Amino acid sequence: QVQLVESGGGLVQAGGSLRLPCAASGLSFSRYVMGWVRQAPGKEREFVAAISRSGSSTNYADSVKGRFTISRDGAKNTVNLQMNSLKPEDTAVYYCAGRGPIDYPGTYSHSYAYNYWGQGTQVTVSS
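Below: a short report on this structure. Everything numeric here is computed off the predicted structure, so don't read it as measured data.

1. Observations concerning the nonpolar core
Okay, so step 1: Within the largest apolar cluster, 37 residues are counted, with the highest numbers of intra-cluster contacts made by W36, L81, M83 and Y94.
Okay, so step 2: Elements with a minimum of two residues in this core: β3 (18–25), β4 (33–39), β5 (46–51), β7 (68–73), β8 (78–83), β9 (92–99) and β11 (121–126).
Okay, so step 3: By residue number, the principal contributor to this core is β5, which donates 5 residues.
Okay, so step 4: Leaving out residues up to four positions away in the same chain, Y94 has contacts with E6, L20, W36, V37, R38, V48, F68, L81, M83, G120, T121 and V123.

2. Here's the deal with the environment of W117
Okay, so step 1: Within the secondary structure layout, W117 lies in strand β10 (residues 116–117).
Okay, so step 2: C-alpha of W117 to C-alpha of W36: the two residues are 81 residues apart in sequence and 9.3 Å apart in space.
Okay, so step 3: When neighbours within four sequence positions are excluded, W117 is seen to be in contact with L4, V37, R45, Y95, C96, A97 and S111.
Okay, so step 4: Only 3.3 Å separates the side chain of W117 from the backbone oxygen of Y114, close enough to count as a polar contact.

3. Digging into the packing of aromatic side chains
Okay, so step 1: Inspection of every chain in the model, using the stated rule, returns 6 aromatic pairs.
Okay, so step 2: Between the aromatic rings of Y32 and Y116, the centroid separation amounts to 6.0 Å while the plane-to-plane angle is 65°, which identifies the pairing as edge-to-face. Of this pair, Y32 sits in the loop between β3 and β4 while Y116 sits in strand β10, and the two are 84 residues apart along the sequence.
Okay, so step 3: A relative accessible area of 30% places Y116 in the partly exposed class.
Okay, so step 4: Here Y114 and W117 contribute two aromatic rings whose centre-to-centre distance is 6.4 Å and whose plane-to-plane angle is 80°, an arrangement assigned as edge-to-face.
Okay, so step 5: Every member of this aromatic cluster is reached through a ring pair, and the members are Y95, Y104, Y108, Y112, Y114 and W117.
Okay, so step 6: Directly above the aromatic system of Y95 lies the positively charged group of R45, at a separation of 4.0 Å from the ring centroid.
Okay, so step 7: It is R72 that lies over the ring of F29; its NZ or CZ is 4.3 Å from the centre.

4. Digging into the sheet that holds β8
Hydrogen bonds along the backbone pair up the strands of a sheet, which may run parallel or antiparallel.
Okay, so step 1: With antiparallel pairing, 4 strands are arranged side by side in an open sheet as β1-β3-β8-β7. A strand with exactly one partner marks an edge of an open sheet, and here the two such strands are β1 (3–6) and β7. Each adjacent strand pair in this sheet contributes to an overall mean axis angle of 15°, direction not counted.
Okay, so step 2: Pairing analysis gives 4 bridges linking β1 to β3, with the strands arranged antiparallel. By the bridge assignment, E6 is partnered in β3 with C22.

5. Considerations on unusual backbone geometry
Outside of glycine, negative phi angles account for most residues, and trans bonds account for most peptide bonds.
Okay, so step 1: Residue G100 is joined to P101 through a cis peptide bond whose omega torsion reads -5°.
Okay, so step 2: One can find P101 in the loop between β9 and β10.
Okay, so step 3: Positive phi values are uncommon outside glycine, yet N77 reaches one of about 55°.
Okay, so step 4: One can find N77 in the loop between β7 and β8.
Okay, so step 5: On the basis of relative accessible area, N77 is assigned to the partly exposed category, the value being 25%.
Okay, so step 6: The backbone phi angle of S85 is positive, close to 50°, even though this residue is not glycine.
Okay, so step 7: Mapped onto the secondary structure, S85 falls in the loop between β8 and β9.
Okay, so step 8: Residue classification places S85 among the partly exposed positions, given a relative accessible area of 40%.

So, how was this worked out
- Residues numbered from 1 in each chain as written.
- Predicted model: local features only at pLDDT ≥ 70, side-chain atom pairs only at ≥ 80, totals over all residues.
- Heavy atoms only, no water.
- Core = buried A, V, L, I, M, F, W, Y, C linked by side-chain atoms within 4.5 Å.
- Buried < 20%, exposed > 50% of the residue type's maximum accessible area, 1.4 Å probe, protein only.
- Helix = DSSP H or I, 4+ residues; strand = E, 2+ residues; numbered from the N terminus.
- Contact = heavy atoms within 4.5 Å.
- Polar contact = N/O pair within 3.5 Å; in protein donor to acceptor, adjacent residues only side chain to side chain.
- Phe/Tyr/Trp six-rings, centres within 6.5 Å; stacked < 30°, edge-to-face > 60°.
- Lys NZ or Arg CZ within 6 Å of the ring centre and 35° of its normal.
- Pairing = 2+ DSSP bridges.
- Axes fitted to C-alpha atoms, helices over the stretch in contact; angles between N-to-C directions.

Shown next, in the form of structure tokens:
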């Protein structure tokens with residue numbers, strides 16, 4: 001009964017911003033590393049960002065560093081992705097993902113690290 005529900009997707013012009021919230025339920029939120037993964041048409045799933053259980057550590061794909069910010073709110077059991085300076089190449093379905101409660105032995109900076117997934121939300125960036 002673990003459920004991750006993303007929202008906030010839509011159409012935005014290049015250079016614009018979007019904020020994607022993800023609501024988590026059915027899990028002990030503080031025990032899970034949370035992340036965002038995206039999939040563009042015709043491409044494999046690509047890691048975007050991850051945040052530690054405490055929120056004190058984050059990691060980003062090189063393609064989004066300096067533009068995207070991941071955060072989490074333990075009181076609300078939510079993880080957020082703030083996306084600024086959006087580019088057409090950011091167009092993709094964005095998935096909220098979680099891994100836990102036990103540590104993953106490898107890197108969290110890849111889609112294969114995560115064992116729980118949201119349904120995805122479409123982000124389209126026009127030029």
